[in-house]
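# Secondary and tertiary structure notes
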Amino acid sequence: MGFDLRIPFRRAAEDLATPLGVHAGLWVADWSPASARAAIEGSAAAGYQLIEIPVPDATDPGAASAAETVALLEAAGLDAVVSLALDPASDINVDVSAPEGAAVSARGEQRLTRAVEFAAAIGAGYVGGVTYSAMTKYAHPATPASRENALEVLTRVARTARAADVRIGLEYVNRYESNLLNTAAQTTAFLGELDARGVDNALLHVDTYHANSEELSLADAVQDAGGRLGYLHLSENHRGVIGTGSLDWDGLFAALARGGFRGPLTVESFSPAVVSPATRDGIGAWRTLWSDPAAVAERSIDFLRARLAASAPHTISI
Ligand code: MN
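Residues numbered from 1 in each chain as written. Predicted model: local features only at pLDDT ≥ 70, side-chain atom pairs only at ≥ 80, totals over all residues. Heavy atoms only, no water.

### Brief notes about the packing of helix H8 (residues 249–258) against helix H10 (residues 293–311)
For any two helices packed against each other, one specifies the inter-axial angle together with the distance between the axes. At a closest axis distance of 9 Å, the pairing of H8 and H10 adopts a crossing angle of 55 degrees. In terms of orientation, H8 lies oblique with respect to H10. Viewed along their axes, H8 and H10 form a crossing whose handedness is right-handed. For the pair formed by H8 and H10, the contact residues are Trp-249, Asp-250, Phe-253, Ala-254 and Ala-257 on the first element and Phe-303, Leu-304, Arg-307, Leu-308 and Ser-311 on the second. Residue composition of the contact of H8 with H10, grouped by class: seven nonpolar, one polar and two charged. (Axes fitted to C-alpha atoms, helices over the stretch in contact; angles between N-to-C directions. Helix = DSSP H or I, 4+ residues; strand = E, 2+ residues; numbered from the N terminus. Parallel < 35°, antiparallel > 145°, perpendicular 65-115°, else oblique. Left-handed = near helix turned anticlockwise from the far one by under 90°. Contact = heavy atoms within 4.5 Å. Nonpolar A, V, L, I, M, F, W, Y, C, P; charged D, E, K, R; others polar.)

### Topic: helix H4 (residues 144–163)
With 20 residues, H4 ought to run about 28 Å at 1.5 Å a step, and its terminal C-alpha atoms sit 29 Å apart, in line with that. The complete set of buried residues in H4 reads Ser-146, Asn-149, Ala-150, Leu-151, Val-153, Leu-154, Thr-155, Val-157, Ala-158 and Ala-161. Summarising the contacts, the buried residues of H4 are in contact with helix H3 (101–122), strand S4 (126–134), strand S5 (167–171) and helix H5 (184–196). Asp-165 sits one or two residues past H4 and shows a positive phi near 60 degrees. (Expected span 1.5 Å × (residues − 1). Buried < 20%, exposed > 50% of the residue type's maximum accessible area, 1.4 Å probe, protein only.)

### Let's talk about the coordination of the manganese ion
Within the protein, Glu-171 (OE), Asp-207 (OD), His-233 (ND1) and Glu-268 (OE) serve as the donor atoms for the manganese ion, at 2.0 to 2.4 Å. Counting the intervening residues between successive donors of the manganese ion yields the motif E-x35-D-x25-H-x34-E. Here the residue Asp-207 occupies a position in strand S6 (residues 202–207), and Glu-268 occupies one in the loop between strand S8 (265–267) and helix H9 (277–283), the gap between them amounting to 61 residues. For the residue pair Asp-207 and Glu-268, the accessibility class agrees, reading buried in each case. (Donors = N, O, S within 2.8 Å, 3.2 Å for Na, K, Ca; no water.)

### A look at the sheet that holds strand S2 (residues 50–54)
Reading around the barrel, the eight strands line up as S1-S2-S3-S4-S5-S6-S7-S8 and close back on themselves, with parallel pairing between neighbours. Across the sheet, the mean angle from the axis of one strand to that of its neighbour is 30 degrees, orientation sign disregarded. Contacting S4, S5 and S6, H5 runs over the sheet at an angle of about 170 degrees to S6. (Pairing = 2+ DSSP bridges.)

Right, here's the structure in full:
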């Protein structure tokens, strides 16, 4: 009997249309109580149904608690998912027989487990992101040993997540940000290997910014992901305001409609005017493409509603 891979929502109805989400990093640089309030209330006011919350650092005494986060979500009527990206100090895509390898992998597993616990504590059914590797420019290809370790760790994390009714998303990224999963086809194959280890709660997460770099087209990415596809990040080729770049949004939405996709579509746009210096440096957000989050959130949802209604009228209620 299979696990239900659909991401659960508080506001779910049987006829739930595709929920439109927004990444908290569009609004704020951290998850202090004031930031959490600004991000959650701003997202709801702009019309989104979902917010993606990067898991707060467990050692950050200034972060909003799970209980505070839940209270804000409930007051705003918003659903949440959780995300993270591993880094070179907490990477599971490592050879554990190499010096420091076991310690680095253990830190990665700890961060993934902590993200699952945070998701469960705030009622979020999904932890996605760069969960299988560090988000970094590797100096070499993935090795059989590093890949095997990533599979082993994710199998354990997925087991913990399943007990908490949480799904794990694997967001493949471009070649400059991971050496392990760069396409939907690679990610599908990797998920198949997790299946063989008994994992039935892992999903494929497409980010249009990364897919644009590596796939034949966004539609091809959706087709290759097939029934594995559970979550999307909508991000322009320049990571600025969606609809102002070169991505083929109509091709994407047509492919999603053909596939009957009903999962979340989450807007991801980052500006150095908002994000922390660490995030700015990590993703290379050197140019300030915008500086008013509320305006970007509103322009983005207006764009999405119009294009979705035109290309996939049955997937969204507006
Ligand atoms: Mn992304």
